[in-house]
Each structure stands twice: as C-alpha cells, then as structure tokens.
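Summary of the model geometry
For reference, the chains in residue letters:
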Amino acid sequence: MSQPEGKVSGALEVKFVPDEAVLSHIADDADPVGNGSGVSGGEVYSFQTPKCSSKMAELASELAQTPGQSVAADHFKCPEKTAKTPQSSKRSGSNKVQQRSKKKEFLSTTPYRLRKRLAAPDSCLESESEYSASCSEEDDEEDQKEVSTVLSGQKTPAKATAAATSPPRNALAKKIKEEKMSSLVEEYFEAHSSSKVLTSNRTLQKLQTRRLNQKTLHDLLKKAPLAYAAEMKKLSQQHESLFSKWMLQLHLGFNIILYGLGSKRDLLEKFRTSVLQDSAHLVVNGYFPSITVRSILNSITEEVLDHIGSFRSPLGQLEFIHKRFKEDASLELYVLIHNLDSQMLRGERSQQILAQLSSLPGVYLIASIDHINAPLMWDQAKLRLYNWLWYETTTFNPYVEETSYENSLLGQQSGSLALSSLTHVLRSLTLNARGIFRLLARYQLENKDNTSYPGLSFQDFYQQCREAFLVNSDLTLRAQLTEFRDHKLIRTKRGADGVEYLFIPVDDSTLTDFLEKEDEDV
Amino acid sequence: MSTHSISKGCFVFKPPSKKRRVRQETASNSTERKNDSEDTELRFASCQSLWAQIKLETEKIQENLNKQLLDNLVSFLRRSHSEFQEKTTEWSCQMKSREIPTAALVLGVNVTDHDMTFKSLSEVLQDDITPYVALLEAKDCPGIKNLMQKLMGQLMNCCIDIDEDSFEDDSHVQVSQNKIRCSMTSLINWYKSVMKKTDSETTRKKRNSSSRHWQSPPVVVIFKDMESFTTKVLQDFIVISSHHIHELPLALIFGIATSPMIIHSLLPHSVSSLLCIELFQSLSCKEHLSTIIDKLLLTAWCPFKLGEKVLKVLINIFLYHDFSVQNFIKGFQLCIVEHFYSQPLSVLCCELVDAKKRVNTLSHNQCENIRRLPSFRRYVESQVSENQIALLTSDSFLKEVTQKLLEDLQLYHENYVSVLRCLHVFTSSLPKYPLGKQIRELHCACLENQVWETEEYESSLQLARMLNKSDLVTMLQQCVEIFVSSSGKEFDKTVEKLKEFLTQFQELEAEAFEEDVSVSSEKELQKKTDLYHLQKTLLELKESRRSKKLTKFEMLRFEVVDYIDSLVRNYLVPADHKTLYEVVYFNTASVLRGHLNAAPRTALHTALNNPYCYLKNQALKSDGGSISNKAPDICIAYKLHLECGRLINLVDWLECPF
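Residues numbered from 1 in each chain as written. Chains lettered and ligands numbered in written order. Predicted model: local features only at pLDDT ≥ 70, side-chain atom pairs only at ≥ 80, totals over all residues. Heavy atoms only, no water.

1. Some details on the UniProt feature "domain: Origin recognition complex subunit 2 winged-helix" (unreviewed entry) in chain A
Keep this limit in mind: UniProt positions are given in the numbering used here, feature names are shortened, and annotations may be inferred rather than shown by experiment. Here a strand is any run of E in DSSP of at least two residues, a helix any run of H or I of at least four, and the numbering for each starts at the N terminus.
UniProt feature "domain: Origin recognition complex subunit 2 winged-helix" (unreviewed entry): in the numbering of this structure it lies at residues 449–509 of chain A. Secondary structure across residues 449–509 of chain A comprises 41% helix and 16% strand; the distance between its end C-alpha atoms is 13 Å.

2. Re the UniProt feature "domain: Origin recognition complex subunit 2 RecA-like" (unreviewed entry) in chain A
Here, the residues flagged by UniProt with the feature "domain: Origin recognition complex subunit 2 RecA-like" (unreviewed entry) are residues 231–392 of chain A. For residues 231–392 of chain A, helix accounts for 46% and strand for 17%, while the C-alpha atoms at its two ends are 16 Å apart.

3. Quick look at helix α27 (residues 600–609) of chain B
Let me state the cut-off plainly: Throughout this description, buried means an accessible area under 20% of the type-specific maximum (1.4 Å probe, protein chains only), exposed means over 50%, and partly exposed covers the range between. Contact criterion: two residues are considered in contact whenever any of their non-hydrogen atoms come within 4.5 Å of each other.
Summarising burial for α27 of chain B: eight of the 10 residues are buried, a large majority. Every buried residue belonging to α27 of chain B is among P600, A603, L604, H605, T606, A607, L608 and N609 of chain B, and all of these are buried. Residues of α27 of chain B that are buried sit in contact with β1 (255–259) and β5 (388–392) of chain A together with α28 (633–644) of chain B.

4. Remarks on the pairing of strand β1 (residues 10–13) of chain B
The cut-off we apply is this: When DSSP finds two or more bridges between a pair of strands, those strands are recorded as paired.
Of the two faces of β1 of chain B, the one holding C10 and V12 of chain B and the one holding F11 and F13 of chain B are both buried throughout. In the sheet, strand β2 (residues 281–285) of chain A pairs with β1 of chain B via four bridges, with the strands oriented antiparallel. Counterpart to V283 of chain A in the pairing with β1 of chain B is F11 of chain B.

5. Comments concerning the sheet that holds strand β8 (residues 500–503) of chain A
Residues and elements named next belong to chain A. If you trace the three strands from one edge of the open sheet to the other, you get β6-β8-β7, paired in antiparallel fashion. Of all strands in the sheet, those bounded by a partner on one side alone are β6 (456–457) and β7 (491–494). Across four bridges, the pairing between β7 and β8 is antiparallel. When the sheet's bridge partners are listed, K493 is paired in β8 with Y501.

6. Points about a negative patch on the surface
Residues and elements named next belong to chain B. The test is simple: Residues forming no salt bridge and having over 30% relative accessible area are the ones grouped into patches, like charges within 9 Å of each other and nonpolar side chains (Val, Leu, Ile, Met, Phe, Trp, Tyr) within 5 Å. Here the accessible surface of atoms and residues is derived via Shrake-Rupley with a 1.4 Å probe, and residues count as covered only by protein chains that are part of the display. One speaks of a salt bridge when a side-chain nitrogen belonging to Lys or Arg is within 4 Å of a carboxyl oxygen belonging to Asp or Glu. Only four residue types enter the tally: Lys and Arg on the positive side, Asp and Glu on the negative side, with His and both chain ends excluded. Just so you know, the charge point we use is NZ for Lys, CZ for Arg, CG for Asp and CD for Glu.
A contiguous patch of negative charge, built from E59, E63, E123, D127 and D128, is present on the exposed surface. Residue assignment for the negative patch shows that the elements contributing at least two residues are α2 (40–80) and α5 (114–128). If you tally residues by element for the negative patch, the top one is α5, at three residues. With respect to the element layout, E59 can be found in helix α2.

7. Let's talk about the sheet that holds strand β3 (residues 333–338) of chain A
Where we set the bar: Orientation is described by axes fitted as lines to C-alpha atoms, over the contacting stretch for helices, and by angles from 0 to 180 degrees between their N-to-C directions.
Taken in spatial order, the six strands line up as β5(A)-β1(A)-β4(A)-β3(A)-β2(A)-β1(B) in an open sheet, and their pairing is mixed. In this open sheet, the two edge strands, each paired with only one partner strand, are β5 of chain A together with β1 of chain B. Each strand axis lies, on average, 15° off the axis of its neighbour in the sheet, ignoring direction. Across five bridges, the pairing between β2 of chain A and β3 of chain A is parallel.

8. With respect to the environment of Q126 of chain B
Residues and elements named next belong to chain B. Summarising the element assignment, Q126 is placed in helix α5. Residue Q126 is classed as partly exposed on the basis of its relative accessible area of 33%. Remark: the alpha-carbon pair of Q126 and D39, spanning 87 residues in sequence, is separated by 46 Å.

9. So, the nonpolar core
Threshold: In this description, a nonpolar core means a group of buried Ala, Val, Leu, Ile, Met, Phe, Trp, Tyr and Cys residues linked to one another through side-chain atoms lying within 4.5 Å.
In this structure, F271 of chain A together with F304 and F376 of chain B are the most contacted members of the largest nonpolar core, which totals 132 residues. In terms of residues, this core owes the most to one element, helix α18 (residues 395–427) of chain B, which gives 14 residues. For F376 of chain B, the residues in contact, after removing those within four places along its chain, are I370, R371, L391, L398, L405, T579 and L580 of chain B. Grouped together as the second largest cluster of nonpolar side chains are 58 residues, A280, I300, L354 and Y386 of chain A included.

Following this line, the structure appears as structure tokens:
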C-alpha cells in the first residue's frame, strides 16, 4: 500500500513518508480481523473468506471494463437477449461501469483512511478522495464523463497496488499482502455497514424492450439446453436405485423425507409410477397455491375411504381416518407430498395434523423439502410422529413445476390482463364516458406520489366533468359511474368525513400505458 | 394420469382391482427385488423377529423403570380421596376438600418419551384405581370449551366400555356427546348417575368379584404437557372444578418437562392455592439409556451388535440433540434394518443353534460371500496351506469351519461382557475417570481398538495400583459376583483366583494388625533419643523407605491389577479382530448419520457452492472458494448473491447475467 502512496503523493508534491514508517504503522494497525481472515472457514463455507470476494470483484471489474466481451462470454443468454437494441445494451454496459465505480469506492476508502492516519498535509489528495466519496453518494444520473474521469483517477492506485505485490522485495510484498487482506476485510464491513444500498435505480418498467408474455417465455426457456444432463441423469439413477429400500423402510414404520438441491418432483413421480402402481396412493402438490390440509384430508376420506359427508374439524376428520385404518388392517395408503415446506403447509397446525396422519400404521409418507430452514418447522414431538429417515437427493433439476404458479419478472404480469380488459371495455363506451374515465385516470396519476391519496371525491369529480363538458347533471355522472363499477373499472370508498371517493384499482404503470394508448388512438 | 393441474393439489390413485394384500408380503417383495439368491426372505424374517424381540425387551425395561414411580402415584391417588370415601361432613374436612389433589410429575425434557410413560400410567390407573381417566393434550385444548368437550368425551366413552359387560341396554348412557352441553354440572350429573348405577348393580349382584375399584372412584385428569397449555384454560378449569370438588372427586396429574417451579409461574397464587400438590420425579433419561444399553447391547442374548462408530453416533444424537430414549431405539431399529438389508451374510445373525443350521443350507453364492469377507481372508492367511486350499475350494469344509467360528464368536461375546463389566468396576471408581464413568464409554473404547494400548488404560492401571485396600476388596467381591452370574464357563478358574486374592487380603489384614503393633513399639523406643539422633534415624528411615521393598499388601495389589490386566488382554480384543465379525456387527456409521441426523443446509450449500461434489464433471472442478464459470446458472447466481447481495439490481442481473 505504501508504494502507490509514494507514487501518487510524489507526483502531487507532498511530504514523502518513509516506507519503514508506513510499514510500522501498518504493523501496529493490523487488526485482529485481518489476522483472522487467513483462516478459512471450512471447506463448505469458504465463501466467507475475503479472498474469494476479491477474486469475484476483480472478475467483475474486468468484465465491467470490457462490456462487449462480457456479452460474448455469456453463454446462458436467452434468445431474446441478442435481439436487444444496441442502445439498451450500451446503456447496461455503462451502468455496469457505474456500478463498478461504486465498488471502486470501497477500494479507495482504505487508502483514504490510511492517509488520514498518516496525517500527511496533502490537501490536493484529500480533496480528490473527498470528491470521489461525494461521487458515490450522488445519483446514477450523473454525467458519464465525470464518472469515467474519477474512475481513471482511481484506477491508478488500484492498479499500482496490484503491481506492488509483484516486485521481488519479498518481505515487503508479504506485508503488503497482509495489509491488502485486512483492507479487504475492512472494505467488506464498510460495504455492509452503510445503510444506503447502492444499486442502480433502473427498473423493469423503464426497459425499452417489450416484455414477453408467459407462454413465449416458457417456450423459450424450454428450448434452452440443460447443462450437464448426463451427470444429472447419473445422479437420478443413483437415487432410483434406492426405491426398493424406501419401500422396505416405509413398511417398517419409517417415513421418508428427501432434501437437496434441485426439483425432486420427477424422482417422486418415477417412484410413484414404478413402485406404487398397484397400491392406493395420494399425491399432494404442496406448492399448489391453494392447497390446504383440509383438502388433503378430504381427498383421503372421500376418495380413498369412500366416505360421504363432511366433518366439523380436521381433528375429527383425522380421528375418523384413524379409526378406519385401525379397523381394517389391510388398508394402506402411500402419501407423496411434494414440498412439505410450502407456504400453505408450513403452519404449525397443518404440520401437526400431517404428522399425526403420517404416524398412522397404514399410512406411508414420502415428502420432499426445499427450504433451507425447513427442519425448523418441527419440534421434537412432531419429529417423533413423523419418524423421518432423511435421504439426500440432490438432483440439480430445475424447479419448473414448482414455480409454474409464480409470475416471472421477465414475463408480463397480470397487469397486462387488466390493461386489455380496460381498453376493451372502454372501447364499447361512449366518447363522453371515455372522457370521464380518462379524467379520473389522469387525476389519479397526478397524485401517484401521494401515499395518502384517498381518491377523487364525487363532488370534485362532478365539478371537473362539468367543466370539461362531459356531463350535465350529477345523475348522468352517477349512471356512468355505475356502469364503470359494474365492469370493475372503478371502486368507491367512503372517507372518514363520509364523502365518497373514487379510484381506479389498477397499478400506476398500467394506467400510464393505458393513457398513452388512448392518446395514440385520439 | 398426470399429477399436474392448475385447479387441484391432491390426486388420489387407486389400484384398478381391489387386491387386498398382506402388508408383510409387499415388504418382503420389495427386498427380494434387489438380490434374489441371498436368502432375502429369511433375512427379512429374522430381522422382523429380532426387532420384535428387542421391542418387547425395551418395553419391559421401561415398565420396570417406571414401576416405582407408578406405585407412588397410585398410592397418592388412593390417599387423596379417602375423605371423600368416608363422606365426612365436618367443616374442616370440607374446607380441605376445596383443594384438588394434584400430582406434579416431573418427567424431563425428553418429551417424546413421555407418551410411553403416560400410556402405562393410564393403564395402571384404570386397572387399579378408577375407570375414569382422561388424558388431555395442549394441542387439543385451545379453550376451556374444547377442554371440557374432550374431557367428557373421554370419560363417557370409557364408562361405556366398562358398562357394556353388565348392561346390554345402555341406550341412555350413550347419548351423543355432541348433544350434551359440556359443563361441569352435566359432568357431575353423569358421575352421579354412573355411581347410582354401579351402586344398584353391586347391591343386586352382591359385589361381583371383578370390581376392584372403590365405591366412588375418583376422576383422574392427566395433563400431558402442562407447559404448553394456555394459562387461562388451566386456571379456569382449576377454579371451576375446585367449586365442585365435594361433588366430584377429581384428581389432577400434571406432566412437567422442565421444573416444578413452572406451576407457580403459570398459575397465580389464588389458583395454585386450590391445588394440593405432591411432587413425583421420574427416572432421568440418562439412567434410562444406561439401562437400555446395559440390557440390550451388553448382553449375549442379542445376536446383533453395534459397531463402535455407530454406537457413538447414536449416543451423540442422544446427548447432543434430544435426550430421547425412543429415538435411540429408533436408531437401533434402523441399524438392524440396514444391517439385514445390506449384508447378505446377516442371515447367520441369529441364535447360535439356528445359525448352525443355516450354515448348512448356505448356497454357493453365500459361501463365496463368506470367502470375500476381509476378516475371513485374514483367517485363511493364518492357516496352513492345505487348510487354505480346502477353505477356498470346498464348500462343505468352509461350512464346518464357519460353524466353529460362529461358536467362537458367541463365546467371545459372552466372555467379553463379563470382563468388560469387571473392568468397569475398577475404572468407574478411579479419580477423573480416565476410561469414562459410564460402561458405554468403556465399551466404545474397547470396540475401537486394543484398549490396553491406549494411554487412558495405562493411566487407569496406574491409578488402580494406588487403590486402598477396602476399595480393592469390595471391587474384587463385585467382580466375583459378576463372574459367578455370567453364563461363560471359562470363568471357574478366574473366580477361584479372585477368591484366593480375597482370602489373601484377609490374611494380610491380620498380619498388618500385628505389624502395626510392632511399628508403634519401635517408635516409642525412639522417643527417648535426642534431637540429633532423631534426625539421623528419620533420615535413615527415609532412605530405607525409598529403597524398601514393597509391603505384602502392595505386592498383592500389583498382582491383582496384573491379573485384571491379563484378563483384559485376553478377552477384550476389539470385535473387528475376530473372524466373521461382519456377520453380526453393523458399522456403517455414515449411513446412519445421514438418515437420522441429516444436514440439509450443508447439502444445499455444498451443491450450490461446489457442484463438482455431485456432478462429477471435470469442467466443474474448482480450487478453493472460486467457482468456475461453467457451473450451473443457479450456482453462479448463488455465489454472486452471497458476495454482493446488497448490490444486486435485478434488472441489471436479468439483463446481463454474469
């Protein structure tokens, strides 16, 4: 660290601090964290060592400096990526640089602090680093050029540090390395200590390219080749060889739980089709958004046990199932639950009921979990009821089925549906009615930053409509509003003062799109 | 039919024809599928029978352990309502009877084991005290209403069960419990009606012999997990029932996992003063485990043995995770299943008599399996060359030898247990317990490697050489008892030898007494000398003591210790030095740990961080913490997220990934 310091400060004509003094200072200042950083945190959690983070940062900065190359090297590209307009890609590249420049800030802070400690009367350098610090706090909308100048200014010390390690002054180099290590640690904590999160403020809404709809996205993803298919196949074959063992253990009163990275749905499906063909079994898609314990119990009582009639509580239902299984010892049921830890099933009560169900002698449960904290769902009592045997089945399969109920960020959201319905409904209305709606929409957009915006009160609305020559009496307006309400285009609610407020229950971006379209049409 | 739908989450599949098969059949079928020629069915059968036997044994052990506790509880309940029995009307008695007799049962944190205890408790109560026992759990009783409902349901059902023998027509008791309004008054009415009935019955039938219960048996309500009940519910229930205690002889039993203090922190004074609490402590789970290990593992009757690593894993899970004996037994069961499933030769893991028979019927394949065992190979190598050839070529000769070896193994186990206990007698009383306090630790040490080569053994022998006489004598007596009661036949000589030691000690005692007298007289003589002489003689004494040869006692002590040492070297050879130990020992600890004590976090993290572990592709091989850019997308994304999760803008990320 001392060498670049010397270089830069020499150029700027400041007092030259002898190397020894700097080194001794560094030796004094070597904090315990820095010393500890050399110890790796075990094989598994090796990411915590700052060493790798530096590697990653270097890699990232390399990529950032050569945006074109990064695009070329990118082999996971979705097909639509290539069709992107050059403008957008450039923009993203520049954005990258901006982001990286932020990263550089962390690099620059350490020398800054060191300098401060050395108390070198270096006003020029101070001002520069101050400037860079201020730059980090500014918004991304800052001028490109400015950033790049700062970048180049900072690059020199950064590069010099890298060069400093290479000269054959071994002892010094070693110490410098140590210092670098500790500075990286500091840097890490600094990066995480500031409450302000420094990401670019670009959002998907600002994206110029049109978003794809769900179906095309799906199709495109399907076409993308699966990496390491052969290895994955080998993995699943390994797991499949366990099927007979599972059967044995299920019959001996254990229940089986699968964990590990990758979708385990295919594996369980295979188990079902190859082994369970001749026996009654129940498949539960835990990831199904409206699955409930109730529906699981219902399908057992109604479809497996052929019982007609309802139950007052799940506990009663469970008791009934228990009784039936007790009466008929030959009755057996395999229950396969994909994602036992899903949002809907992870509640304490549902887990309790499922645990009790699984403890019945004729019920054999095989389930899979994916959440990293899934085992926290169970206390000792439930674990006892479940009587799990754990099997690690890492498959690396993509979670296609499991996430099929989620919306992708890349695809268009449900808002698209609202937009099309909006335009369709409005197209069938009179010109005046459209004007009324547009008026309301504009007003709502004007107030979109006001979080406590209650809506437009009816009186104000009437006034505005009158002024725009859209209605002649409040009766006509009311008739019009009823029409809107029937089509669920607007909603009304009463404020605290008893006044009726109107608003459109559509998100702002959709509304903007709608208005733009309307303007085009008109 | 596919199991994917956007409107349904549950899919039921039923076999087309309703074939009803016996469960066992499918289970054995599933094992058969894997390796047919290796006596799978027989293995499965012996596995099942062994497990059944072990289960029975453990239950018996538990029963015995709980016996004391249950007896105490029963006598408490008998006492508690004796006043009610006599129907005294005195004022003081009435005041006292406002209090509900309560037993606080401190059971320890191993909640999963409590079920067994409560089950046996309620059985004992129903046999001896009262037919009216209700078991309540916190999860069933979120409110006082549910509690009452549950309570009445249980009480009335059990009463119906009892009545069924005597009354053919019990229609008016069997009112649907949903229709009864669940309140204390209805409960009392029910109790009165039941009492009246039994009264009339007994008078009519002149006290039939089967009625072991009293005239008016108490109603016992057991709260299984008192800590998890809502305080409001408990308080309400106690207050309400205390008002009716003179009409309904109620007794409560609280199951407590933590400490008895919890009663007072859960209930305010006004409520807890309505209870007349007596404390009962159950056996600690550690003692329970020791008994189980003692009766299950350190016996010769159980042909199946746990290897050292496996035992350590099970004990560690017990000590560091749950303190649950049930889970320990579950682990044991899993070991049995795994052993019989994975080891084809486990077919010989049964009673010696059966094993010998089975050896005769072994197929050629199985003989080959025997020849492949590492321990057997070692054995073959130690034989003379003719024997070697015979062992490797002739099946019949192999079978003969195998029978002999199995016999040896059995003998080894019998001797092993006795000598181990004997050694434990010595080591368990040494200061600092170099070889462990519990016999299980000693057992592990002996299984691990030759125990006499370890430092701990050395130091414990050193310490044993310094024992005083009385301790030594009692230990020897204990050892004699152990050897006498053991089934091994080889120990006649050992017992004789030990008894000889004992008599020698007794002789020594007599001699020592005489010696003492002489020494004291000598000292008296010295008193007369002057200071200079005294100093001189003292120095001489010191010298002589240093060079003095050992006293008789010390000689004998050395002899005893050496003898014990020789016993240990003879009999406590680690099991894996024995031929054919693979047949009865299960030692794949990794499997067990994976199944019982899994680490899903680590698995996920390893998969994401180092995909090479799973996908054996050279391209994925990476050094240290970095990740190759050919790794699956999810791994790279995870890595990035870990390192600068806060700096990620999703748009940038999605647009220009990595």
